[in-house]
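# Residue-level structure breakdown
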Amino acid sequence: MNDKASEIAPTIQTREDFQQFLALLAEDYRANGQEWESTDIGSFLAALISYSKDIDGYYKNTNQQVDASAPSWRVFAEMLCGARVYEYP
């Protein structure tokens, strides 16, 4: 996977940052999509729904003081990163 997308996700503050992140995420999918847990849009969206419910646990486990209930470009980006690898029920 393209770690560039994961690396910049915590630094995203603006819409332009988010657009650059999306370009990296798309690049990662083109190059490594077979490694993603969700390889089609339906399963990716299902994983995104599940991960968006569990992201508070991610922040807690990684000792980050982020309020996932407050919408931000960063939280959106980290949800998309998480959905790449999240196993949903």
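What comes next concerns the included structure. Since the model is a prediction, treat every value here as computed from it, not as a measurement.

### What about the packing of helix 3 (residues 41–61) against helix 4 (residues 73–85)?
- Packing of helix 3 against helix 4 leaves a shortest axis separation of 8 Å and a crossing angle of 115°. Helix 4 is crossed by helix 3, and the crossing has right-handed handedness. Across the interface between the two elements, Phe44, Ala47, Leu48, Tyr51, Ser52, Ile55, Tyr58 and Tyr59 of helix 3 pack against Arg74, Val75, Glu78, Met79, Leu80, Gly82, Ala83 and Arg84 of helix 4.
- Class assignment for the residues of the contact of helix 3 with helix 4 results in eleven nonpolar, two polar and three charged.

### Points about the nonpolar core
- One finds Phe21 and Leu80 to be the most contacted residues of the largest nonpolar core, which totals 23 residues.
- Of all the secondary structure elements, the ones that give two or more residues to this core are helix 2 (15–32), helix 3 and helix 4.
- Discounting residues that sit within four places of it in the chain, leucine 80 has contacts with Phe18, Phe21, Leu22, Leu25, Phe44 and Leu48.

Rules and cut-offs
Residues numbered from 1 in each chain as written. Predicted model: local features only at pLDDT ≥ 70, side-chain atom pairs only at ≥ 80, totals over all residues. Heavy atoms only, no water. Axes fitted to C-alpha atoms, helices over the stretch in contact; angles between N-to-C directions. Helix = DSSP H or I, 4+ residues; strand = E, 2+ residues; numbered from the N terminus. Left-handed = near helix turned anticlockwise from the far one by under 90°. Contact = heavy atoms within 4.5 Å. Nonpolar A, V, L, I, M, F, W, Y, C, P; charged D, E, K, R; others polar. Core = buried A, V, L, I, M, F, W, Y, C linked by side-chain atoms within 4.5 Å. Buried < 20%, exposed > 50% of the residue type's maximum accessible area, 1.4 Å probe, protein only.

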